[in-house]
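The chain contents come next:
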Amino acid sequence: MKRFGSLRKDKRHSVEKHPEEKQPEEMAPAPESAVPSRQETMTSIASDEAVPDTDPSSTAGLLTQRLRAWKHAVVYLEEYMQAVERIHKEQAKEYERVLKTISKPLREGEHFDQSLGGVAGFFENMRVNTQALINTNIETEKNIKGTALPIVERLHKEIKHKAKELAHGAEKTAKEVEKARNTTQKHIELLGQHTASFEATGGKHQPLEDPYILSRGVVHRLNKQVLEENNQHADLVSVQTNFETFERHIVTVIHQAMETFNSFTGGQALKVQALHADMLGAAQRIPPNFEWKRFASRCADQLADPNQAPRTVESINFPNMEHPSTKPLIEGALERKSRNKLSWGYATGYYVVTPSRFLHEFRDSDVLRKDPVPDLSIYLPDAVLGAPHGEKFNVRGKDRSGHMGGKLAGTSELAFKAHSPAEAEKWFEVIRKVAGTTAPPMPSPGSEVGNPVDVGVGEKQRPVVAVPASPQETGLWAGRR
């Protein structure tokens, strides 16, 4: 259970010793009060709600120990019958060896109730009665070997097989949960690094380092983690539900084995019959669910709760979830004309303008089905915005998403169409404030016009030259010098 805490601690020290963010020399340093300290940011990364500090294999390990305890209990009974077989062959003197097979306390005996009426009491009863069988003879040796002993051996194999299935399934699901939690923790830490340096760098990041993108990535990986955790919890609840039935089967088979054993040994003498009947009675007095009920009561805090509701992504908060850099300035569906000159018409996409001054394009708004990596990213301060015309407006810029199509296209004109002129004007105003450069409204061809509208703080104003509108453009582009 300490692995996740130590893992986050090691990662925290690693990040503090080797910080990756450096303030650009050309930008003025942000005020100290506006920049969260690295220590505070990395401490908040260790979110026990997003990445629980629990060992995903603890419940399975407990159940594996319980199966091992049952296996040893059955081995005790199996060895007892084998010893009785040898004692019947070697006569009374060898019954001392029988007693030795059950003279030691049960392994993992803490899993059994120590009061009378349980498995531990049953073996104590066997120790007492075996002492009285020292003077009996071995007439039923062949029947014990051929009938009673195979029942216990088959039960032993069933328990071993059950334990092997549980160990294999538990180890696999626990590894998947641990892997998913480590991946989530890694991306939460990455988000913490870039949100911590957001004000210091003026919000200038690479597209894939945009805190908005990183935040969506955390949600995506958190969804995968929750699915793995819920699947593991459902598996453990199912295993626990079947455990009582399996233990009833174990006790029932023990009943059967003891009945068979008694039928071959009880005819030796009245005393021998009475001793074996007493051992049978001790076994039969164990209710099939007696040990499980007592075990479930003692270890209720370690067993999985069948009534626990599954986790949902919507109910989870993670560090920097509400940071201003993760909130879009505007988002919604727009139609964009393809940059391929051979194609025509518009295709609908989901577009977002982030505080990092990127215009990102996605196929849709879903962040759960696949990793929300943008298909197109335009850095708006380097782009030029065309004046809106009806529900249409244009943006000229270079795709920085890193996709091959963007590299081949270089700087290109992107024609957008909103659902209404009012919505187009809304997008235009947001992009204009972020970009700091727009095309002037319809001057005469070839004439010099004034400086761009809303030049960004710290940027040099550049002259804008109007050019004649092309038939494909709905706004007028301004050439940037």
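Residues numbered from 1 in each chain as written. Predicted model: local features only at pLDDT ≥ 70, side-chain atom pairs only at ≥ 80, totals over all residues. Heavy atoms only, no water.

Caption draft 1: Just the side chain of His255, in detail. Here His255 shows up in helix H7 (residues 211-265). On the accessibility criterion, His255 (15% relative accessible area) is buried. With residues near it in sequence (within four places) discarded, His255 still touches Leu280, Ala283, Gln284 and Ile286. (Helix = DSSP H or I, 4+ residues; strand = E, 2+ residues; numbered from the N terminus. Buried < 20%, exposed > 50% of the residue type's maximum accessible area, 1.4 Å probe, protein only. Contact = heavy atoms within 4.5 Å.)

Caption draft 2: View of the nonpolar core. Membership of the largest hydrophobic core comes to 54 residues, with the highest contact counts inside it found for Trp70, Tyr80, Met81, Phe123 and Met258. Elements with a contribution of two residues or more to this core: helix H3 (58-90), helix H4 (95-101), helix H5 (119-132), helix H6 (141-196), H7, helix H8 (270-284) and helix H9 (290-298). Broken down by element, the residue count for this core peaks at 14 residues, all from H3. If near-sequence neighbours (up to four positions away) are discounted, Tyr80 is found in contact with Val98, Thr101, Ile102, Met126, Thr130, Leu133, Phe261 and Met279. If you look at the next biggest cluster of nonpolar residues, it comprises 22 residues, including Tyr351, Leu385, Ile431 and Ala435. (Core = buried A, V, L, I, M, F, W, Y, C linked by side-chain atoms within 4.5 Å.)

Caption draft 3: Representation of the sheet that holds strand S7 (residues 411-417) within the structure. In space, the seven strands of this open sheet follow the order S4-S3-S2-S1-S7-S6-S5, with antiparallel pairing throughout. For this open sheet the edge positions go to strand S4 (376-379) and strand S5 (384-385), each flanked by a neighbour on one side alone. The sheet contacts of helix H11 (residues 421-435) involve strand S1 (330-337), strand S2 (346-353), strand S3 (358-362), S5 and strand S6 (392-398), and relative to S1 the element is tilted by about 105°. (Pairing = 2+ DSSP bridges. Axes fitted to C-alpha atoms, helices over the stretch in contact; angles between N-to-C directions.)

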